[in-house]
Amino acid sequence: MINTNDSINPPSDELCNFIIDKLGISQDAIELGIKRSCLENSPLPIVMWSYGLITLSQLKVILLWLKKN
């Protein structure tokens, strides 16, 4: 059974800066993604992809970056 009472950690500044600086995503898109991520208790990259704020290719880049860090 999945426990949905546990909140995930908010995205790090490093992740947000990577998305903005390396992928050219706007600050507004990040802010929207963070809001939705908190409401849905889901990881920021997945939420941003599901709302069309990033492409599948960009999602893969983010996930590879997260894996390295």
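The structure reproduced in this document is the subject of the present report. Bear in mind the structure is a predicted one, so any value in this text is a computation, not a measurement.

Topic: a nonpolar patch on the surface
Phase 1 of the analysis: Together, Ile 46, Leu 63 and Leu 66 line one region of the surface with nonpolar side chains, adding up to about 220 Å² of accessible area.
Phase 2 of the analysis: By secondary structure assignment, the location of Leu 63 is in helix α4 (residues 56–68).
Phase 3 of the analysis: For Leu 63, a relative accessible area of 40% translates into the label partly exposed.

So, the packing of helix α1 (residues 13–23) against helix α2 (residues 27–40)
Angle between the axes and distance between the axes: these two values describe a pair of packed helices.
Phase 1 of the analysis: Two elements in contact, α1 and α2, have axes separated by 10 Å at closest approach and are oriented at 145°. For the crossing formed where α1 meets α2, the hand is right-handed. Only Gln 27, Ile 30 and Ile 34 of α2 make contact with α1, whose side of the interface consists of Cys 16, Ile 19 and Ile 20.
Phase 2 of the analysis: Within the contact of α1 with α2, the residues separate by chemical class into 5 nonpolar, 1 polar and no charged.

With respect to α1
Phase 1 of the analysis: The complete set of buried residues in α1 reads Leu 15, Cys 16, Phe 18, Ile 19 and Leu 23. Each buried residue of α1 sits inside an arc of 160° when the element is viewed along its axis, so together they form one side. Exposed residues pointing more than 90 degrees away from the buried face of α1 are listed as Asp 13, Glu 14 and Asp 21.
Phase 2 of the analysis: Tucked into the core, α1 has its buried residues touching α2, α3 (44–50) and α4.
Phase 3 of the analysis: Downstream of α1 by one or two residues, Gly 24 has phi in the positive range, about 70°.

Observations concerning α2
For an α-helix, the turn length of 3.6 residues means that residues three or four places apart are oriented alike.
Phase 1 of the analysis: Here α2 contains 14 residues, and its C-alpha end-to-end distance of 20 Å stays within 8% of the 20 Å for a straight helix at 1.5 Å per residue.
Phase 2 of the analysis: Every buried residue belonging to α2 is among Ala 29, Ile 30, Gly 33 and Ser 37, and all of these are buried. Mapping the buried residues of α2 onto a view down its axis gives an arc of 95°, with all of them on the same face. Exposed side of α2, more than 90 degrees from the buried face: Asp 28, Lys 35, Cys 38 and Leu 39 are the residues found there.
Phase 3 of the analysis: The inward-facing, buried residues of α2 contact α1 and α3.

Considering the pattern of salt bridges
Any two side chains of opposite charge can pair, so long as their charged atoms come close to each other.
Phase 1 of the analysis: This model, assessed by the stated rule, comprises 1 salt bridge.
Phase 2 of the analysis: A salt bridge links Arg 36 to Glu 40, with the shortest nitrogen-to-oxygen separation between them at 3.2 Å. Within this pair, Arg 36 and its partner Glu 40 are both found in helix α2, separated by 4 residues, close to a single helical turn.
Phase 3 of the analysis: Given a relative accessible area of 27%, Arg 36 falls into the partly exposed group.
Phase 4 of the analysis: Exposure remark for Glu 40: the relative accessible area of 32% places this residue in the partly exposed category.

Rules of the game
Residues numbered from 1 in each chain as written. Predicted model: local features only at pLDDT ≥ 70, side-chain atom pairs only at ≥ 80, totals over all residues. Heavy atoms only, no water. Patch = residues over 30% accessible without salt bridge, like charges linked within 9 Å, V, L, I, M, F, W, Y side chains within 5 Å. Areas by Shrake-Rupley, 256 points an atom, 1.4 Å probe, with all protein chains shown as cover. Salt bridge = Lys/Arg side-chain N within 4 Å of Asp/Glu carboxyl O. Helix = DSSP H or I, 4+ residues; strand = E, 2+ residues; numbered from the N terminus. Buried < 20%, exposed > 50% of the residue type's maximum accessible area, 1.4 Å probe, protein only. Axes fitted to C-alpha atoms, helices over the stretch in contact; angles between N-to-C directions. Left-handed = near helix turned anticlockwise from the far one by under 90°. Contact = heavy atoms within 4.5 Å. Nonpolar A, V, L, I, M, F, W, Y, C, P; charged D, E, K, R; others polar. Arc of directions from axis to C-beta. Expected span 1.5 Å × (residues − 1).

It is worth stressing that arrangement in space is one thing and function is another; only the former is reported here.
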